[in-house]
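Fold and geometry: a report
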Amino acid sequence: MASKIKEPVITLSAGPVAAYPRVLRAMSRPVQYDFDPWFQQFYEDVTLKCAKALRTKDPALILQVEPAPGIEAAAASLISPNDTVLNLASGVYGKGFGYWSARYHKDMVEIEVPYNEAIDPGQVADAFRKRPDIKVVSLVHHDTPSGTINPAREIGTIVREHDGLLIVDAVSSFGGMDIHPDDCFADIFITGPGKCLGAAPGLTIMSVSDRAWKHIEANPKAPFASVLSLKDWKNAWSKEKPFPFTPSVAEINGLDGALDQYFDEGPENVWRRHALTARACRAGIKAMGLELWAKTESIASPTCTAVRVPAGVNDEEIIAAARAQFGVVLSSGRNDTKGKLIRIGHMGPVAEPIYATVALTALGGALRKLGRKVDVAAGIEAALQVIQG
Ligand SMILES: *Cc1c(COP(=O)(O)O)cnc(C)c1O
């Protein structure tokens, strides 16, 4: 039945994002039987395509769940009752990992910074000096509810020097910028199709290093025959091996379309348009007289721009006004950043510079509607300056 609520015109959320047309076409392919040799070969091909995108030697692991439970599965599988975990929290997702970790670890050390700042690699080195027993480190590369990027490579280098195992949540950065498991020495690298790859949500794409598999095999508490098990899916990529349960066939179809889109356009070109869109957006935000959430622009994400909510207005009112007047979907903060910022997503198909001007018009127009003085024209002009050079 049709909803009485009008559909959005343009979705500039922090994800999931409107999928590429190519993804939608792929999702309309036949739903094949998972035991049929055609599908088993297709599934193997998709895992190899994922590995090519991740630039890893081994086929990727695909879990048939959203990345949030995918990350929980990584925690459950990797963290043994003997492990001390170092949790790095520069935002809501980083903090959240610690709660999962608590179910499995022996002890946890946490480094938490204000949610408009990034983790300092020096703090990580200090933590290892004080606690040489740290075994597992968890890092969110792009903590989306803050729109900020952490220095994954620098942190990964330190973790590897201390023989630690690093989990990296790159759910909302992979595919939109230059980040891969080996770039940051990640032992478990987690992403998904519903953000920068511009496909439907519902799957987790993961790479697991040999060191991490060894640790999982040695973990007496690592789940099996469970939705939290990585072991169950370890060999599922191979057409010779059965699936532990039926994979999400239509979403695998869609992921295949998203990966074809990514390679046909060229990853570097995809990252470039994400970065340009974000840069144009940030220039426009500042020129309109608004404030970026990120403490320094160098840590502002190229896939999501967080804007501080001006004093005297409410985030929900702004989002509702942008939606009602322009049909444009923006995102609010989450948990600790809720009420403090508005997020403009630059992910997948909307990571195009023209959408920076759309976002500025919608956000500026909404604020104007709410009686705030914002110079929308100056914002658009500043964005155009960035786009046109
Ligand atoms: C979107 C996202 C996830 C996955 O969260 P879901 O609620 O499953 O969509 C995990 N980590 C980060 C950083 C994300 O942006």
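Throughout, a residue's number is its position along its own chain's written sequence, starting from 1. Local features are withheld for residues below a pLDDT of 70 in this predicted model, meaning they are given only at 70 or higher, and side-chain atom pairs are given and counted only at 80 or more; totals for whole chains, interfaces and linings count all residues. Each side-chain value is derived from all of the structure's non-hydrogen atoms; neither hydrogens nor water enter the calculation.

To qualify as a helix, a DSSP run of H or I must reach at least 4 residues; to qualify as a strand, a run of E must reach at least 2; elements of each kind are numbered from the N terminus. Counting its regular elements, the protein chain contains twelve helices and 14 strands. Relative accessibility decides the category of a residue: with a 1.4 Å probe and only protein chains considered, values under 20% of the type maximum give buried, values over 50% give exposed, and everything between is partly exposed. Taking all 389 residues of the protein chain together, the buried fraction comes to 58%. In the protein chain, the share of contacts with a sequence separation of at least 24, taken over all contacts with a separation of at least 6, comes to 71%. Only carbon and sulfur atoms are counted for the fraction: they give 54% of the accessible area of the protein chain, which is about 15,900 Å². Residue contacts are defined here by distance: any two heavy atoms, one from each residue, within 4.5 Å place the two residues in contact. Areas reported here follow the Shrake-Rupley algorithm with a probe of radius 1.4 Å; residue values treat only the protein chains shown as occluding.

With 80 residues, the main nonpolar core has L86, I188 and L230 as its most contacted residues. Setting aside its immediate chain neighbours within four residues, L86 contacts V109, I111, V124, A127, F128, I134, V136, V137 and S138. By nonpolar core is meant a set of buried Ala, Val, Leu, Ile, Met, Phe, Trp, Tyr and Cys residues that side-chain atoms within 4.5 Å join together. Judged by nonpolar contacts, the second largest core, of 30 residues, contains L12, I344, A359 and V374.

Next up on the list: helix 6 (residues 152-161). When helix 6 is considered as a whole, its buried residues turn out to be A152, I155, G156, I158 and V159. Each buried residue of helix 6 lies within a common arc of 160° when the element is viewed along its axis, so the set occupies one face. At its buried positions, helix 6 is contacted by strand 3 (84-89), helix 5 (121-130), strand 5 (134-140) and strand 8 (165-169). In the stretch just after helix 6, D163 is the one whose phi turns positive, near 60°. Starting at the helix axis, one direction is taken to each C-beta atom, and the arc is that of these directions.

Around the ligand, the neighbouring residues are E66, P67, A68, I71, Y93, V140, H142, T144, D169, V171, S172 and K195. Here a polar contact is taken to be a pair of N or O atoms separated by no more than 3.5 Å, where protein atoms must pair a possible hydrogen donor with a possible acceptor and residues adjacent in sequence count only if both atoms sit in side chains. A68 is positioned such that a nitrogen or oxygen atom in its backbone is 3.1 Å from an oxygen atom of the ligand. Between a nitrogen atom of the ligand and a side-chain N or O atom of D169, the distance comes to 2.7 Å. Take the shell around the ligand: its biggest share by element is three residues, from helix 3 (residues 67-78). Classification used: nonpolar for Ala, Val, Leu, Ile, Met, Phe, Trp, Tyr, Cys and Pro, charged for Asp, Glu, Lys and Arg, polar for all others including Gly. Classifying every residue of the shell around the ligand gives six nonpolar, three polar and three charged. Nearness is defined per residue: one heavy atom within 4 Å of the molecule or strand is enough.

Along the chain, A351 turns up in the loop between strand 14 (341-345) and helix 11 (353-369). Taking the C-alpha atoms as reference, A351 lies 10 Å from V17; in sequence the two are 334 residues apart. In this structure A351 touches R273, H274, T277 and H346, once residues within four positions along its chain are discounted.

In this section: the sheet that holds strand 8. One requirement defines pairing of two strands: DSSP has to find at least two bridges between them. As summarised here, the arrangement of the seven strands in space is 2-10-9-8-5-3-4, forming an open sheet in which the pairing is mixed. Each having just a single partner strand, strand 2 (61-63) and strand 4 (107-112) make up the two edges of the open sheet. The average angle at which neighbouring strand axes cross in this sheet is 20°, direction not considered. As defined by bridge partners, strand 5 adjoins strand 8 across five bridges and the pair is classed as parallel. Across the sheet, the residue bridging to L139 is V168, located in strand 8. Structural elements are reduced to axes, namely lines fitted to C-alpha atoms, with helices fitted over the stretch in contact, and the angle between N-to-C directions of any two is expressed from 0 to 180 degrees.

Moving on: the packing of helix 9 (residues 267-287) against helix 11. Following both chains from N to C, one finds helix 9 and helix 11 inclined at 30°, their axes separated by 8 Å at the closest point. As summarised for this structure, helix 9 and helix 11 are arranged roughly parallel, according to the angle between their axes. The crossing of helix 9 and helix 11 is right-handed. Only P353, A356, L360 and L363 of helix 11 make contact with helix 9, whose side of the interface consists of L276, T277, A280, C281, G284 and I285. To sort the angles, those under 35 degrees are grouped as roughly parallel, those over 145 as roughly antiparallel, those from 65 to 115 as roughly perpendicular, and the leftovers as oblique. Each crossing is labelled by how the near helix is turned from the far one, with a counterclockwise turn of less than a right angle marking it left-handed and a clockwise turn marking it right-handed.

On to the domain arrangement of the protein chain, then. The domains assigned to the protein chain are domain 1 (10-16 + 266-388) and domain 2 (21-263). For the purposes of this description, domain bounds are those given by an automatic or database domain assignment. Between the C-alpha centres of domain 1 and domain 2 there is a distance of 28 Å. Counting residues at the interface gives 29 residues for domain 1 and 27 residues for domain 2. Note on definitions: buried area is the accessible-area loss of two parts on being combined, 1.4 Å probe, summed for both. Interface area for domain 1 against domain 2, summed over the two sides, is near 2,200 Å², with a carbon-plus-sulfur share of 63%. When the area that domain 1 buries against domain 2 is broken down by residue, the three leading residues are W271, W293 and I299, summing to 26%. Salt bridges are counted wherever a side-chain nitrogen of Lys or Arg sits within 4 Å of a carboxyl oxygen of Asp or Glu. Scanning the region where domain 1 abuts domain 2 turns up two salt bridges. On the surface where domain 1 and domain 2 come into contact, there are 16 residue pairs in polar contact (both at pLDDT 80 or more). When contributions to the side of domain 1 that touches domain 2 are tallied by element, the ones reaching two or more residues are helix 9, strand 11 (304-308) and strand 14.

Tracing the backbone through its elements, the reader meets K195 in the loop between strand 9 (188-191) and strand 10 (204-208). Within the buried set, K195 has no salt-bridge partner at all; the shortest N-O distance to an opposite charge, 5.9 Å, is to E66. When charges are counted, Lys and Arg are positive and Asp and Glu negative, with His and the chain ends excluded.

Here the focus is the pairing of strand 3. Most of strand 3 sits out of view: six of its six residues are buried. Note that strand 3 and strand 4 share six bridges and pair parallel. What sits directly across from T84, in strand 4, is D107. When the strands point away from the viewer, a crossover counts as right-handed if the route from the first strand across the helix to the second turns clockwise. For the handedness criterion, the β-α-β arrangement of strand 3, helix 4 (residues 92-101) and strand 4 is classed as right-handed. Relative to strand 5, strand 3 runs parallel, the two sharing four bridges. Each bridged residue has a counterpart across the sheet, and for N87 the counterpart in strand 5 is S138.

Turning our eyes to something else, we now look at the sheet that holds strand 11. On the basis of which strands lie adjacent, the open sheet formed by three strands has the order 11-14-13 and antiparallel pairing. Looking at the sheet topology across the chains shown, the edges are occupied by strand 11 and strand 13 (331-332). Note that strand 13 and strand 14 share two bridges and pair antiparallel. Bridging from a neighbouring strand, S332 pairs with I342 of strand 14. Strands strand 11 and strand 14 of the sheet are contacted by helix 9, whose axis makes an angle of about 10° with strand 11.

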